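# Chains, contacts and geometry: an overview
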Amino acid sequence: MNEFPLDLLTAIENNNCVFFIGAGMSVTSGLPLGTQLIDQISTELRERGVNIPVYKNLTELAKCCVEKGYDETFKEKIADALLVVPREIPVEYRLLAFLCKKKHLEIYTTNYDLLLEHVFNLYGVKYSKFDSEDDITNDACTKLIKLAGDVRNLHKMKVTTKDLYTIHTSNAFKHLLANIRNRTKVVFIGYSLNDSMITSSFISQGYDRTYYMVGKEYDTDCFTPTFICNTAQEFFSYLIYNLQLDIKIGHIKYDNKHFGGIETYLSHVAKLASLVKDNNHQFTTAYYNIYSLQEKMNPESIQLGFPFVKGAASIITHDVIGKKTYDVIHAHDFIAAYHAQMLGVPVVFTSHSLASKDNQHISGLFNTDYEIQNMEQAYYPLIQNIITLSDYHKKTLPPYSNLHAKKLPIPFYSSVFTQSNQNQSQARIELQEQGVNLPFDNLVIMYIGRNDLRKGFQFVLSCFDKLKERIPKAKLLLVTPGVKKGKKNLVITYTNTSSGGTTNNSAKNYYFSTKYSDDILSISIEWEKNTFKSDSNICGNFNEHFSNISRLYRAADLVLIPSLYEPMGYVALEALSCGCPIIANEIGGLKEVLRDVSESQKEYATFCQLGNNPNSQIAGDILLNAILNITEFDGEKYSVKKEFKERALAGQKYIERKFDETQNRNSIKQLRKIYLDSIINSADIPIPQNDLQEEEVSAYNDVCNEAFGFYMNTDDSVEIIKRAGYLYKDILYICLLYTSPSPR
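The rules behind these values
Every residue gets a number counted from 1 within its own chain, in the order that chain's sequence is written. Under the rules for a predicted model, residues below a pLDDT of 70 receive no local features and side-chain atom pairs below 80 are neither given nor counted, while totals for whole chains, interfaces and linings still include all residues. Excluding hydrogens and water, the side-chain values take into account all heavy atoms of the structure. Here, a strand pair is defined by DSSP locating no fewer than two bridges between the strands. Helix and strand assignments come from DSSP, with helices taken as H or I runs of at least 4 residues and strands as E runs of at least 2, each series counted from the N terminus. Fitted lines through C-alpha atoms give the axes, limited to the stretch in contact for helices. The angle between two N-to-C directions lies from 0 to 180 degrees. For this analysis, residues touch if any pair of their heavy atoms sits within 4.5 Å. Any helix carries an expected span of 1.5 Å times its number of residues minus one. Under the scheme applied here, a residue whose accessible area is under 20% of the maximum for its type counts as buried, over 50% as exposed, and between as partly exposed, the area being computed with a 1.4 Å probe on protein chains only. Here the arc refers to the directions that run from the helix axis out to each C-beta atom. A pairing counts as a salt bridge when a side-chain nitrogen of Lys or Arg comes within 4 Å of a carboxyl oxygen of Asp or Glu. On a scale of 0 to 100, pLDDT captures the predictor's confidence in every residue. We define the nonpolar core as a collection of buried residues of types Ala, Val, Leu, Ile, Met, Phe, Trp, Tyr and Cys that are connected through side-chain atoms lying within 4.5 Å of one another. Consider the strands pointing away from the viewer: the crossover is right-handed when the path from the first strand over the helix to the second runs clockwise. Two N or O atoms form a polar contact when they lie within 3.5 Å of each other; inside protein one atom must be a possible hydrogen donor and the other a possible acceptor, and for residues adjacent in sequence the pair counts only when both atoms belong to side chains. Ring geometry is summarised as follows: Phe, Tyr and Trp rings, the Trp one being its six-membered ring, pair when their centres sit within 6.5 Å, and such pairs are stacked at plane angles under 30 degrees, edge-to-face over 60 and tilted between the two. Note that patches include only residues with greater than 30% relative accessible area and no salt bridge, and the join distances are 9 Å for like charges and 5 Å for nonpolar side chains (Val, Leu, Ile, Met, Phe, Trp, Tyr). Computed by Shrake-Rupley with a 1.4 Å probe, the accessible areas treat only the displayed protein chains as cover when residues are assessed. The positive count covers Lys and Arg only, the negative count covers Asp and Glu only, and His and the chain ends enter neither. Charge placement uses NZ in Lys and CZ in Arg. For Asp and Glu, CG and CD serve respectively.

## Examining the sheet that holds strand β7 (residues 226-229)
Across the sheet, which stays open at both edges, the seven strands sit in the order β3-β4-β2-β1-β5-β6-β7 with parallel pairing between neighbours. Here the strands that pair on one side only, and so sit at the sheet edges, are β3 (127-131) and β7. Each adjacent strand pair in this sheet contributes to an overall mean axis angle of 25 degrees, direction not counted. In the sheet, strand β5 (residues 185-189) pairs with strand β6 (residues 211-214) via four bridges, with the strands oriented parallel. Bridge pairing in β6 links Phe188 to Met213. Each of β1 (17-21), β2 (106-109), β3, β4 (142-146), β5 and β6 touches helix α8 (residues 171-181); the most contacted strand, β2, lies at about 125 degrees to it.

Printed below as a string of structure tokens:
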């Protein structure tokens, strides 16, 4: 591309530019070119015995047909050829449709086909259509002016030289020339400039610098538009990257009942986007949850595993796409991402973890780790735009996924944690006023996260029982949902996972016997259910939510992060931001977050070697020894040793440096770039074939219709299933749940 004229970019930004689209933009659509139409029509007429000379110009052939009384035949043949709907939408048309949704463009064309209308309707572009004799109104939408008419109205089609001559005296063309006199710029896209009557009208305005050319360079007498680039795709892509556009994002995540890592990620993205929000970083977002639909589909069988997850994910994805509201689907579940990709829409997938590793130590799952891993290996490589938040996680993605994966900076608004000057005593006083009793002479161990084995929750409980025997004035602060205290035990209700959970509801409760339940404080900090409806809700609750969490970190003596699998770890960032000492398992993303690679791998946490061992007693002993190694009795109480406190404070300074305003802006800038990449590069992808897709499904059409008709509002369920890329056996299984009292 030549250097893009900044005055043209400004004109397009301010709706002070019109596009003049010619047949050259339709080359890749499969619609016949002018020369092909000439050959086709001439051949058919000759076969009827009509003497048709060889013509190179469609208007010359039209004149001949009119003279011989075949003018209607000529128009009908053109209509037959151009009424065909292309099987694939050319990229340049898709990009133009996106721009028309964002800017109220004014588009002129002499093309007879209906490709622009078809694409606008397909992608939900609001537009007004005019012919040459119409008065152009100032509608708040894209304007499409068909100067030569089109194949929907043969009577108004202008095909002969005499017909075309009337264009430059028409109301629509006069409107265009008036705009040019007011310094409106014109960009010719795929237009040959061989219509002397039209080009002479442009020349008469005398403003050569007003005109620009996209496509083949044409040099006509006294009329040479400024050349920009060779292709419409290149031109529209540049505009998408550089115009000030509000990108509408539809987020699809798994659960809306708890506040975990995905919600933390989305919260920081929303907060940072609001802080660095300039004209080039506008997001409008909405949030949809898969699990809530699973409950609605069959509330008694919500633990049936991936068949239900797949069905709910696809239905939610199809519903969100069907709204034609969002420019990009941002999925936080690999199944939803896969379905969006198969439907050919722009999709970005943030892989927060691998489901097969999330649940590798959980017993009683409907699907085995091996089955889930096979799905990941089948789906991940087909998703085009994958985001990871650590190099570790990027390296552990399924084979070939790295081709489409990119590690982006972690979105983290550290100021909400670092800006507080509250010390430990002040934090405990505030918490005491709220009913959380943490005496000043107590050693407070904090755990924050889900209450499952992957997070090492059971290790913490095992460790604390033994710690109480060594340090009687120790308290355990659990910031996790689903924990109820009894006199001599804890009743723990497991949170939902994207694997679908266990095979029966009774297995969801876990009982931990302890004689120290009075010294265990359980807090569940959850945002309101409807928080993730819009960015305004998120940002409105952001400071309060994370300030509350910050107070807990500052009240604690140390934080335990004993995860068996952790692709990144927001808890580590939060604790460091508050200067709270950390004991963490030396694994994966935690090592990446808690080490400063720029300072010779300087560590800001105490690492222990839990490995991937699910034995609670062994892991509890390792955690106990780590706590005893970094704490001491100072004559009054047990507290963390000075050197480990200083390590945590150094970590706090590291976080302040790493997640400064420049990093925040860069994080949002790169995320926006991924969004725009997905818009520009998205395309329909053929469904890969496998043995399972060859199973017979026709016998189950009625069941499919019953199951999906309500959600998808369609009778063609087989087509929906095929387009969504289902593995048929799972879909049939879901459908049969509606008619069978027993799933197996």
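## Describing the environment of His118
Among the structural elements, His118 can be located in helix α6 (residues 115-122). Note: C-alpha distance between His118 and Val85 (33 residues apart in sequence) is 7.9 Å. What His118 contacts, discounting residues up to four positions off in sequence, is Val85 and Ile89.

## Some details on the sheet that holds strand β18 (residues 509-513)
Read across the sheet, three strands follow the order β16-β17-β18 without closing on themselves; strand pairing throughout is antiparallel. Each end of this open sheet is capped by a strand with a single partner; those strands are β16 (483-485) and β18. The mean angle between the axes of side-by-side strands here comes to 20 degrees, regardless of whether they run parallel or antiparallel. Direction of pairing for strand β17 (residues 489-493) relative to β18: antiparallel, over a ladder of five bridges. From the neighbouring strand, Thr493 faces β18, where its bridge partner is Asn509.

## Structural notes on helix α24 (residues 616-630)
Compared with an ideal rise of 1.5 Å per residue, which puts 15 residues at 21 Å, α24 spans 21 Å between its outermost C-alpha atoms and is within 8% of the ideal. Among the residues making up α24, those that are buried are Ala619, Gly620, Leu623, Leu624, Ala626, Ile627 and Ile630. The buried residues of α24 all sit within an arc of 165 degrees when viewed along its axis, so they share a single face.

## Regarding the pattern of salt bridges
Charged atoms that come close allow side chains of opposite charge to pair. Following the criterion strictly, the structure yields 26 salt bridges and no others. A salt bridge links Glu117 to Lys146, with the nearest nitrogen and oxygen atoms 2.9 Å apart. Of this pair, Glu117 sits in helix α6 while Lys146 sits in strand β4, and the two are 29 residues apart along the sequence. Its relative accessible area of 2% is what places Lys146 among the buried residues. In this structure, Arg595 and Glu603 form a salt bridge, with 2.8 Å as the shortest nitrogen-oxygen distance. On the accessibility criterion, Glu603 (30% relative accessible area) is partly exposed. If you follow the salt bridges from partner to partner, you end up with Glu117, Lys129, Lys146 and Asp150 in one network.

## Looking at the confidence of the model for the protein chain
Overall, the prediction assigns the protein chain a mean pLDDT of 81, with 81% of residues at 70 or greater. Below a pLDDT of 50 lies the segment residues 498-507, which in the model reaches 34 contacts outside its immediate sequence neighbourhood of four places, other chains included. Across residues 684-714, confidence stays below pLDDT 50; counting only partners more than four residues off in sequence or on other chains, it has 61 contacts.

## A closer look at the nonpolar core
The biggest cluster of nonpolar side chains holds 156 residues, and the ones touching the most others in it are Phe19, Phe20, Phe202, Phe235 and Phe236. Those residues in contact with Phe236, other than ones at most four positions away along the chain, are Phe19, Met25, Glu92, Leu95, Leu96, Leu99 and Ile189. By size, the runner-up hydrophobic cluster in this structure holds 35 residues, among which are Tyr516, Leu558, Leu560 and Ala626.

## Notes on the pairing of strand β15 (residues 474-479)
The element β15 is extensively covered by neighbouring structure, given that six of its six residues are classed as buried. On β15, burial covers both faces: Ala474, Leu476 and Leu478 on one face and Lys475, Leu477 and Val479 on the other are all buried. Of the pairings in the sheet, the one linking strand β14 (residues 443-448) to β15 comprises six bridges and is parallel in character. If you follow Tyr447 over to β15, its bridge partner there is Leu478. Of the crossover connections in this fold, the one passing from β14 over helix α20 (residues 457-470) to the parallel β15 is right-handed. Where β15 and strand β19 (residues 520-523) come together, four bridges link them in parallel fashion. From the neighbouring strand, Val479 faces β19, where its bridge partner is Ile523.

## As for the side chain of Ser390
Counting through the fold element by element, Ser390 comes out in the loop between β12 (386-388) and α17 (391-395). Looking at Ser390, the relative accessible area reads 1%, which means it is buried. There is a polar contact of 2.5 Å between the side chain of Ser390 and the backbone oxygen of Pro567. Not counting the four nearest positions on each side in its chain, Ser390 is found in contact with Lys407, Pro567, Gly589 and Glu592.

## Topic: the packing of aromatic side chains
In the structure shown here, the tally under the stated rule is 22 aromatic pairs. Measuring from ring centre to ring centre gives 6.1 Å for Phe19 and Phe236, while their planes differ by 40 degrees; the resulting arrangement is tilted. A residue pair is termed long-range when its members are at least 10 positions apart, and Phe19 in strand β1 and Phe236 in helix α10 (residues 232-242) qualify at 217 residues. Assessed through its relative accessible area of 0%, Phe236 is described here as buried. On the numbers, 6.5 Å between centres and 10 degrees between planes, the contact of Phe20 with Tyr108 is stacked.

## Some words on a negative patch on the surface
Residues Glu632, Asp634, Glu636 and Glu643 make up a contiguous surface patch of negative charge. In this fold, Asp634 is placed in the loop between β25 (631-633) and β26 (638-640).

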